[in-house]
Structures are given as C-alpha cells and as structure tokens.
Amino acid sequence: MKTLLSRLDFSYIYAFLGEITLGITFLFYILLARFLGPEQYGIFASATALGGILAFFIQFGLPTLLAREVAADPHEGSKSTIKFLLLEVLNSLPVLILLLPLAQILGFKGTGIMVCYLVVLAEICRSAKQTLRAVFRGIGKFRDETVSVAIERLFVAIIAGTVLLWSQDLVWVVATLVIVRQLDILGLIYYLNKQTSIWSPINIKSLWKILQMAYPFALSGVLWVLYYQIDVLMLKVLAPTEQAGFYSASYRIIEIFSALPRVIFLVTFTRFAQCHAKTPERLPEEINKSVLLLLVIVLPILAIAAFYQTNLVTTIYGQAFSPAVNSLAILLPSLSIKMFATLMEYFLQATGREKSLPPLLLSTVLVNIIVNTILIPILGAVGAAVATLISEIILAIFGLNLMIRIGYKQVGKRTRLIAIISLLLAATPSLIINGLNPILGMVFMFTCATAIFSLIKQNPVLKNMKIT
C-alpha cells in the first residue's frame, strides 16, 4: 500500500479533488429536498432524469470521443474542440422541439413542463462543460480541470441556493442554474483558447465525419444511462410521485460514492488511450492498475458506508425521506460491481472497440425495463433498485466475458471473479442490518476479503508495475 501510494501521480489527486466538489452539488440538492419536500423534489428528480437521458442525445458521445482523440494526439486533437461544441448545439435543437410532447406523455403539467425545459437547457450547458473538460484531461491539465469544476459548482450552489432561500420557487432556482452555467462555459472557452489551439476549419464534411466516429459512443452512452434514468421515469408513471423522490434521494447518495471510482476512470481512460496508441502490449498492466486502485480505495469505503446507510439518509434528508433507506441498501452494494462494468466500458472505448458495447448495453436495458415493469408496481423504489442491481450484474459479467473473448483472457477472468466477490462483500453489511447474524456476516466478509487478496497476489504484473 505504501509503495502504491508513493508511485501514484498527481493526476489522480487532482481528479479526486475535482470529484470532491460534487459534495457542493450534493449539499445544493439537500437544500432543494428540504425546502421543496418529497413531492416537489420528485418533480425535479423526474425532470432531471428526463434531462439526463436527453443529454446523451445532445452529447452524442462527443466528450468521450474528444477525450480519446486528444489523449492520443494532444496537439491535433484539441483543434476540433469548437467543432464538437457546435455539433452539441445542433443536436440540442431537435431535442428541444420534441421535449414538449414527451413531457406531456410522461405526465408533466404546468410548471413541471417549464422545469423540464430549464433542466434540458442546463444539460446543454453541462454537455459543453463535459466537452471542455475532456480537452483538459486529454492534454494532461487535470489541475486546471479541477479548478474549473470547483468554480462552477461553487457559484451554482451559492447563487442558485440564495435564490432558493429567497423565493422557494423551483422554476427560479433552475433558471438561475442555467444562467450561471452559461457564463461558466463562455469563460472556460476563453481560458482554454489561451492554453491550446481549439479552432480548425469548419465544414459539413468534417462535422459529418465526427458524427460517424461518435455514433457508437452516443449509442453506448444513451443505453448506459437508461438503466438508471429509466428507473426514475418509470417510477413517475407506475408509482406515487414521492417514490421517485425517495429513489432519487438514495441515488444522490450513491453519486457521491460513485465519485471514487470515477476519479480512477478519469485518469485511466486517457492512460488506456495513450497506451493503445503507443504501447498496446502494456494494456493488461494498465487494467490491473485500475483494478487494484478500485479494490484498495473504493471497496473498503463502500463496505464501511453500508453499515451507516440509515444515518446517511436521515441525517442528510431528514425523517421524511427515511423510506429511501430501503432502496439505498440495494444501490450502495451494487456500486461494487458497477465499477467493474464501467472499467470494461472505458477499456473498450479507449481501445477503439466501442462498437462492441451497444448490443451488450441494449440487452441490459431491456432486462432493466422488464424487471422495472414487474417490480415497481409492487415494491416502488425498492423494485427500481433491484432492477438496477440486476442490470449492473449482467453488464459487468457479460462485459468482462467480452474482454476475455477479444484476447485479454487472464486479466479478464481474474477481474470477473474479483467483481463477483466484491459484490458479495459489499452486500453483506446490508444483510446484517436486515437480520443476518453479525458474527456470521463478519466471517463471510473476512472470507471474501481473503479471497480478493489471494487473487491480487496471483497477479505477477502488479509486482513490478509503476503507477504513473
């Protein structure tokens, strides 16, 4: 552990600090929940879920593609930045046109429709931000990315939070969020233009070529997010409105813990792309680095946090949201296997195999929709959480099977087994809280930890690797 941390470069530290700023957004959402209550917060959560799905049509996989291109060739790749931003603006036009009938079909009325439009405008800004962040990561400026993210989230929380306290009006709050994000994008474009070249000739042919390259990323992105966002929307249709609020509250907590594996993936995605372009024989080593970091940094925190899930919900959201504990008990351990599914996704995209993802993701989404349709009317938010867990297990296992089939047999098999054991370990605290004998549970957790440690020791690559 000491050797691992001593060799860890500052890119991971800056990425971690950037993800910590999610806590600012998290506190802002807590304020929203407390001041608006479960019903109004449920409307916001549903609109955000809809906006999250539509955002992937706006982004069309462009931020991920740009991150890979810039990482592989920082000088030439960054010149396409403005083209990518222009394409996102063009993608947003049909989304805005179709939003009204779509919102009406989903049951939004009156101010709810206005909130939907404002949320989508905010998502357009967020998509632009993601694209600009991709450039920073590709050229290795993780510190600059962290500072830009911290500034944006801090000002959003302060200004929109002030508007919330003043008006307690959801429409005014989301409108303020949109304005702050727009100003942030303009400032960031100006700053990035001083750091590197972000302009190149724009023509229809070049834009079409980018779209052709991006469509596998776009399809994967839409399918990837659906198995969470569709849960909230189906809860909106099939269950009382507050169930969407409870589920969203538990998932907001999960998003904080999701920042931990995301820190690792923000850096390793560029490492995968650089390695694939220059030294592809080192890819198994890079995969093993990521797996080790997930096990050392993320898994222990998930296991510990699972013992305090009730306190997390009631302390953060208050007693009114206490039913969210039931879905959190399922979602929290599910993150232990979701992180391996995400690792597989980034590996395939970074190595030019993004076309392998859509069939796998489509199957996962269909399973998720079917399970949601069956369980949500019976169990509400808990049924949605179960559907998410099942989807993540399928995606991780079948995704790692795909990694094995394309030639990474040894690392793929080891990672698949580690993923399964990690889920069992992370799920045990929830079982203990819900009636499993504590001594038996602790023995089982120790057995899982021992098995994971044994699998790590079997890996000869880890003995000599450098985390750089």
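Whatever comes next refers back to the structure up there.
Residues numbered from 1 in each chain as written. Predicted model: local features only at pLDDT ≥ 70, side-chain atom pairs only at ≥ 80, totals over all residues. Heavy atoms only, no water.

Participant: Would you mind going over the overall build of the chain with me for this structure?
Facilitator: The helix and strand inventory of the chain stands at 19 helices and 0 strands. Here the C-alpha radius of gyration of the chain, 22 Å, is about what a compact globule of 468 residues would show, namely 23 Å. If one aligns the C-alpha atoms of the chain with their principal axes, the spans along those axes are about 60 × 60 × 35 Å. The proportion of buried residues among the 468 residues of the chain is 58%. Relative to all contacts within the chain whose residues are 6 or more apart in sequence, the contacts with residues 24 or more apart total 82%. For the chain, the exposed area adds up to about 19500 Å²; of that, 68% sits on carbon and sulfur atoms. Averaging the coordinates of the 36 positive side-chain charges in the chain and doing the same for the 22 negative ones gives two points 7 Å apart. (Helix = DSSP H or I, 4+ residues; strand = E, 2+ residues; numbered from the N terminus. Rg over C-alpha atoms; globule rule 2.2 N^0.38 Å. Buried < 20%, exposed > 50% of the residue type's maximum accessible area, 1.4 Å probe, protein only. Contact = heavy atoms within 4.5 Å. Areas by Shrake-Rupley, 256 points an atom, 1.4 Å probe, with all protein chains shown as cover. Lys, Arg positive; Asp, Glu negative; His and termini not counted. Charge placed at Lys NZ, Arg CZ, Asp CG, Glu CD.)

Participant: Just to check I follow, could you spell out the environment of Leu-436 for this structure?
Facilitator: With respect to the helices and strands, Leu-436 occurs in the loop between helix 17 (409–433) and helix 18 (438–457). We classify Leu-436 as partly exposed; its relative accessible area is 29%. Those residues in contact with Leu-436 that sit more than four places away from it in its chain are Thr-428, Leu-431 and Gly-441.

Participant: Looking at this model, I keep getting lost on the environment of Val-263. Mind explaining?
Facilitator: Mapped onto the fold, Val-263 is located in helix 11 (residues 241–278). Separated by 31 residues in sequence, Val-263 and Leu-294 have C-alpha atoms that sit 9.9 Å apart.

Participant: When you look at the packing of helix 7 (residues 111–138) against helix 8 (residues 142–167) in this model, what are you seeing that I'm missing?
Facilitator: The description of two helices packed together rests on the angle between their axes and the distance between the axes. Here helix 7 crosses helix 8 at 155°, and the two axes come no closer than 8 Å. On the basis of the axis angle, helix 7 is roughly antiparallel to helix 8. Pair helix 7 / helix 8 crosses with left-handed handedness. In contact with Lys-129, Arg-133, Phe-136 and Arg-137 of helix 7, helix 8 contributes Phe-142, Asp-144, Glu-145, Ser-148, Val-149, Glu-152 and Arg-153. Within the contact of helix 7 with helix 8, the residues separate by chemical class into 3 nonpolar, 1 polar and 7 charged. (Axes fitted to C-alpha atoms, helices over the stretch in contact; angles between N-to-C directions. Parallel < 35°, antiparallel > 145°, perpendicular 65-115°, else oblique. Left-handed = near helix turned anticlockwise from the far one by under 90°. Nonpolar A, V, L, I, M, F, W, Y, C, P; charged D, E, K, R; others polar.)

Participant: Any chance you could explain the environment of Val-296 here in plain terms?
Facilitator: One can find Val-296 in helix 12 (residues 283–306). Under the relative-accessibility criterion, Val-296 is labelled partly exposed at 28%. In sequence terms Val-296 and Leu-62 are 234 residues apart; their C-alpha atoms lie 32 Å from each other.

Participant: What is the right way to look at the state of the cysteines in this model?
Facilitator: When the sulfur atoms of two cysteines share a covalent bond, that bond is a disulfide. Inspection of every chain in the model, using the stated rule, returns 0 disulfides. The thiol of Cys-116 is unpaired, and the distance to the nearest cysteine sulfur, on Cys-125, comes to 16 Å. (Disulfide = S-S within 2.5 Å.)

Participant: Mind showing me how you'd approach the side chain of Ser-206 here?
Facilitator: Mapped onto the elements, Ser-206 comes out in helix 10 (residues 204–238). Apart from residues no more than four positions distant in its own chain, Ser-206 is found in contact with Lys-83 and Pro-201.

Participant: I keep staring at the packing of aromatic side chains and nothing clicks. Help me out?
Facilitator: Within a pair of aromatic rings, the relevant descriptors are the distance that separates the centres and the angle that separates the planes. Counted by the stated rule, this structure contains 6 aromatic pairs. Measuring from ring centre to ring centre gives 6.5 Å for Trp-166 and Trp-172, while their planes differ by 75°; the resulting arrangement is edge-to-face. Through successive ring pairs, a cluster of aromatic residues spans Phe-265, Phe-269 and Tyr-346. (Phe/Tyr/Trp six-rings, centres within 6.5 Å; stacked < 30°, edge-to-face > 60°.)

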